[in-house]
Amino acid sequence: MADLLHTAAELRARARAGRRAVVMTMGALHEGHATLVRTAREAAGTDGEVVVTVFVNPLQFGAGEDLDRYPRTLEADIKTASQAGADVVFAPSVEEVYPGGEPQVRVTAGPMGSVLEGATRPGHFDGVLTVVAKLLHLTAPDVALFGQKDAQQLAVIRRMARDLNFDVEIVGVPTVREDDGLARSSRNRYLSPGERRTALA
Ligand code: PAF
């Protein structure tokens, strides 16, 4: 079973072994996440280590979005992450990530964050980049892996790493789909049978 850590201090105190690969998640892990973790395992190698972060980031949820009902399934997540090859699950509290409350200073996605999905979710990508930047600092990985499913997210993360000189390799991992082609997503569980059919379009 992967080690479960909750604080930055625990993570810092952990002796580092070889190349570190990180998979960031908001939990509710499914096969798409498991594929990310397996790819991270390959990237880290047998001598390296794989860290999976589980953190539901309030900063990236808009008013009226599903922050309160977002699925929280830590026990099952630890099992899924471990079976896929994770060495560590880092599941910090909101206070651990944002000790001063809502951060005054944030990373902004700039013009890339206000088109496509960002057009209807103002501030979403700023919230994503702020927590990704923080988690990159806390976990200090050699490589961080993100799903291609969230294409705009992957693009703004790549751009942040380049523009702000993050010393990390960002790797995009192909989307895992259901048999009928729908991309695996923790939020698919919200879909009614009708919406589930429409989603295939
Ligand atoms: O893709 C996600 O699950 C989240 O947006 C991420 C990258 C973990 C940041 O909270």
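So, how was this worked out
Residues numbered from 1 in each chain as written. Predicted model: local features only at pLDDT ≥ 70, side-chain atom pairs only at ≥ 80, totals over all residues. Heavy atoms only, no water. Pairing = 2+ DSSP bridges. Helix = DSSP H or I, 4+ residues; strand = E, 2+ residues; numbered from the N terminus. Axes fitted to C-alpha atoms, helices over the stretch in contact; angles between N-to-C directions. Parallel < 35°, antiparallel > 145°, perpendicular 65-115°, else oblique. Left-handed = near helix turned anticlockwise from the far one by under 90°. Contact = heavy atoms within 4.5 Å. Nonpolar A, V, L, I, M, F, W, Y, C, P; charged D, E, K, R; others polar. 1 Å grid on protein atoms, 1.4 Å probe; cavity = no way out; pocket = protein on both sides within 12 Å on 5 of 7 lines; lining within 4 Å. Points joined across faces, edges and corners; volume = space filled by probe spheres on them. Buried < 20%, exposed > 50% of the residue type's maximum accessible area, 1.4 Å probe, protein only. Right-handed = clockwise from strand over helix to strand, strands pointing away.

Tell me about the sheet that holds strand E5 (residues 143-147), and please be specific about residues and values.
Spatially, E1-E4-E3-E2-E5-E6 is the arrangement adopted by the six strands of the open sheet, whose pairing is parallel. The outermost strands of the open sheet, each flanked by one partner alone, are strand E1 (3-5) and strand E6 (169-173). Ignoring which end each strand starts from, the neighbouring axes of this sheet average 25 degrees apart. In this sheet, E5 lies alongside strand E2 (residues 20-25) in parallel orientation, the contact comprising three bridges. Bridge pairing links valine 23 to leucine 145 in E5.

Residues and numbers for the packing of helix H6 (residues 124-139) against helix H7 (residues 151-163), please.
Where H6 meets H7, the axes come as close as 10 Å, and the angle between the chain directions of the two elements is 55 degrees. It follows from the interaxial angle that H6 and H7 lie oblique. Crossing of H6 against H7: the hand is right-handed. Two secondary-structure elements touch here, H6 through Phe125, Val128, Leu129, Val132, Ala133 and Leu136 and H7 through Gln152, Gln153, Val156, Ile157 and Met160. When the residues that make up the contact of H6 with H7 are grouped by side-chain class, the tally is nine nonpolar, two polar and no charged.

I'd like to hear about the layout of surface pockets, residue by residue, with values.
Reported here for the largest pocket is a volume of approximately 870 Å³. Surrounding the largest pocket, 42 residues form its lining, His33, Tyr70, Lys149, Asp150 and Gln153 being those nearest its centre. When contributions to the lining of the largest pocket are tallied by element, the ones reaching two or more residues are E2, helix H2 (31-44), H6, E5 and H7. Looking at the lining of the largest pocket element by element, the count peaks at six residues for H6. Among the residues forming the lining of the largest pocket, the class breakdown is 19 nonpolar, 17 polar and six charged. Reported here for the second largest pocket is a volume of approximately 190 Å³. Val54, Phe55, Val56, Arg72 and Pro92 are, among the 15 residues lining the second largest pocket, the residues nearest its centre. Each residue belonging to the lining of the second largest pocket can be placed in one class, and the counts come to nine nonpolar, four polar and two charged.

So what's going on with the pairing of strand E3 (residues 49-54)? Which residues, and what values?
In terms of residue burial, E3 counts as a mostly covered element, since six of its six residues are buried. Every second residue of E3 is oriented toward a common face, with Glu49, Val51 and Thr53 on one face and Val50, Val52 and Val54 on the other, all of them buried. Inspection of the sheet shows E2 paired to E3 by six bridges, in the parallel sense. Across the sheet, methionine 24 pairs through a bridge with threonine 53, a residue of E3. Once you follow E2 into H2 and on to E3, the crossover reads as right-handed. The sheet contact formed by E3 and strand E4 (residues 88-90) spans three bridges and is parallel. Bridging across to E4, threonine 53 finds its partner in phenylalanine 90.

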